[in-house]
Amino acid sequence: MTIEAKTVDEYISKLPEDRIAAVSKLRETVKSNLPEGFEECINYKMIGFVVPHSIYPSGYHCDPKLPLPFINIASQKNFVALYHSGIYADSKLLDWFVAEYSKHVKTKLDMGKSCIRFKKMEHIPYDLIAELCQKMTVKDWITLYEKNIKG
């Protein structure tokens, strides 16, 4: 499900009614818990939290015109997704998240490489997402990104 929007508020306004509250709360959770320096925008037709060009002029290696992505939130056809690049790039962070998840949610973790899928809005562990957002600064992310990309 692709949502065409120029702003985050427009994106949220186009969501199905049953997802507006959950996506809005997820957005606020991420926004209020990310360390200073990340910027909110529409990125890849999703709600994005990125390292802006003013901090990281090189941008994203796949398309340097784009800022360096970190977290995205999307309403997909059958679920709401939280994409967290730090989980994909840092195995210790991934291990921590996987271990903590079962302490917050009784259902099985549905996850891809960086994508955490929530099929039931009432199962989104906002407290855990808040804690996850606090674990990596802009500087940490840039360092990890460059280590993994430039090797």
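Residues numbered from 1 in each chain as written. Predicted model: local features only at pLDDT ≥ 70, side-chain atom pairs only at ≥ 80, totals over all residues. Heavy atoms only, no water.

(A) Seen up close, the pattern of salt bridges. For the coordinates displayed, the defined rule picks out eight salt bridges. Here Asp9 ties to Arg27 by a salt bridge, and the two come within 3.1 Å at their closest N and O atoms. Of this pair, Asp9 sits in helix α1 (residues 8-13) while Arg27 is found in helix α2 (residues 17-33), placing the two residues 18 residues apart along the sequence. By relative accessible area, which is 10% here, Arg27 ends up buried. Among the ionic contacts, a cluster of salt bridges with common partners joins Asp9, Arg27, Lys31 and Glu40. (Salt bridge = Lys/Arg side-chain N within 4 Å of Asp/Glu carboxyl O. Helix = DSSP H or I, 4+ residues; strand = E, 2+ residues; numbered from the N terminus. Buried < 20%, exposed > 50% of the residue type's maximum accessible area, 1.4 Å probe, protein only.)

(B) View of the environment of Leu144. Mapping Leu144 onto the fold places it in helix α6 (residues 138-150). Classification of Leu144 by relative accessible area gives buried; the value is 13%. The spacing of Leu144 and Gly86 is 58 residues in sequence and 8.3 Å in space, taken between C-alpha atoms. Among residues more than four places away in sequence, those in contact with Leu144 are Ala89, Asp90 and Met136. (Contact = heavy atoms within 4.5 Å.)

(C) Here's a closer look at the nonpolar core. Formed by 46 residues in total, the largest nonpolar core has its most connected members in Val30, Phe97 and Trp141. Not counting residues up to four positions away in its chain, the partners in contact with Val30 are Phe49, Ile71, Ile73, Leu82, Ile129 and Cys133. (Core = buried A, V, L, I, M, F, W, Y, C linked by side-chain atoms within 4.5 Å.)

Keep in mind these values describe shape, not function.
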